[in-house]
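Below, each chain spelled out in residue letters.
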Amino acid sequence: MLTPEFFARDTLTVAHDLIGAEIIAGTGPDAVAGRIVEAEAYLGQADPASHAGRGWTPRSAIMFGPPAVAYVYMIYGMHHCLNFVTEPEGTPGAVLIRALVPVSGREIMARRRGLDPAACRDQDIASGPGRLCQALGIDLSWNGVPLGSSAPRLAVRSVSGNGVRVERTPRIGIRKAVDLPYRFVAAGSPCLTD
DNA sequence: ATATGGATGCAA
DNA sequence: TGCATCCATATT
């Protein structure tokens with residue numbers, strides 16, 4: 001399992017290193033897992049696209065807190081986005097998880113998405129930050145959940161020798177700082193959002 | 001192209 | 001208190 005030390009590093013490095021890792025979400029029969037194929041770094045003061053880009057607010061406060069916790073927010077009134085807080089406490093930063101390949105619990109995830117598990121493709125299940133949260137069953141109540149505690153609701157597992165080549169591109173869907181190359185993807189994955 | 005619709009932050 | 005904005009998605 002990835003520890004707080006992993007997340008307490010430079011946000012761009014963490015985002016890069018998360019590609020190919022697996023997220024395990026939920027407990028018991030509702031637990032599901034997926035491999036990260038797309039993630040974006042959101043920095044602090046120097047990043048206008050970040051919720052922490054204009055300093056501390058009640059919402060961005062969590063990005064200034066200790067690393068290795070979930071930052072979940074709602075966007076457009078109907079979708080949730082899952083981030084992991086990075087950097088040492090006091091320094092804001094987070095990584096938005098944008099796409100997963102289903103690893104286990106594919107049927108549960110497909111059903112949560114309103115899809116036919118037998119007919120849908122992997123890229124229909126968790127490609128896109130909103131779809132991903134729906135597939136994992138994540139909503140606002142997950143905001144602040146620590147990663148990888150005992151009996152975790154949420155954990156991240158590194159996969160050694162995953163053979164993933166990581167590519168770096170500009171971020172998707174933002175209106176500010178559109179040129180900064182803070183998006184990381186698993187090269188050639190069919191489950192990317194772009 | 002367009003409808004969807006809650007939380008947030010800032011101006012007033 | 002009002003309102004523009006928002007790291008999206010499904011549907012036409």
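Owing to the predicted nature of the structure, the values given are computational and were not obtained by experimental measurement. (Residues numbered from 1 in each chain as written. Chains lettered and ligands numbered in written order. Predicted model: local features only at pLDDT ≥ 70, side-chain atom pairs only at ≥ 80, totals over all residues. Heavy atoms only, no water.)

**A look at helix α2 (residues 11–18)**
Okay, so step 1: Restricting attention to buried positions, one finds in α2 the residues Thr11, Leu12, Val14, Ala15 and Leu18. Angularly, the buried residues of α2 cover 160 degrees about the axis, an arc narrow enough to put them on a single face.
Okay, so step 2: A positive backbone phi angle near 100 degrees is found at Gly20, which sits one or two residues after α2. (Buried < 20%, exposed > 50% of the residue type's maximum accessible area, 1.4 Å probe, protein only. Helix = DSSP H or I, 4+ residues; strand = E, 2+ residues; numbered from the N terminus. Arc of directions from axis to C-beta.)

**Overview of the side chain of Ser50**
Okay, so step 1: For Ser50, the location among the structural elements is in the loop between β2 (32–42) and α3 (61–64).
Okay, so step 2: Judged by relative accessible area, Ser50 falls into the buried class, the value being 2%.
Okay, so step 3: In this structure Ser50 touches Tyr42, Leu43, Gly44 and Met63, once residues within four positions along its chain are discounted. (Contact = heavy atoms within 4.5 Å.)

**Re the protein's contact with DNA strand C**
Okay, so step 1: What surrounds DNA strand C is a group of 19 residues, the closest being Tyr73, Leu96, Arg113, Gly130 and Arg131.
Okay, so step 2: For DNA strand C, the fraction of protein-proximal atoms (within 4 Å) that sit in sugar or phosphate groups is 63%.
Okay, so step 3: A distance of 3.3 Å separates a phosphate oxygen of DNA strand C from a polar backbone atom of Pro129.
Okay, so step 4: A distance of 3.4 Å is found between a phosphate oxygen of DNA strand C and a side-chain nitrogen or oxygen belonging to Arg175.
Okay, so step 5: Mapped onto the surface near DNA strand C, the elements with two or more residues apiece are β3 (70–75), β5 (94–104) and α5 (129–136).
Okay, so step 6: With three residues, α5 is the largest single contributor of residues to the surface near DNA strand C. (Near = heavy atom within 4 Å. Polar contact = N/O pair within 3.5 Å; in protein donor to acceptor, adjacent residues only side chain to side chain.)

**Examining the packing of aromatic side chains**
Okay, so step 1: Under the defined criterion, the tally for this structure stands at three aromatic pairs.
Okay, so step 2: Ring centres of Phe7 and Phe84 lie 5.8 Å apart, and the angle between their planes is 75 degrees; on these two criteria the pair is classed as edge-to-face. Highlighted residues: Phe7 in helix α1 (residues 4–7) and Phe84 in strand β4 (residues 79–85), separated in sequence by 77 residues. Of the two residues, Phe7 and Phe84, both sit in the buried class.
Okay, so step 3: Both rings, one in Tyr71 and one in Tyr73, keep their centres 5.3 Å apart while their planes meet at 40 degrees; by these two values the pair is tilted.
Okay, so step 4: Taking the relative accessible area as the measure of exposure, Tyr73 reaches 12% and is therefore buried.
Okay, so step 5: Over the ring of Phe6 we find Arg9; its NZ or CZ atom is 4.5 Å from the centre of that ring. (Phe/Tyr/Trp six-rings, centres within 6.5 Å; stacked < 30°, edge-to-face > 60°. Lys NZ or Arg CZ within 6 Å of the ring centre and 35° of its normal.)

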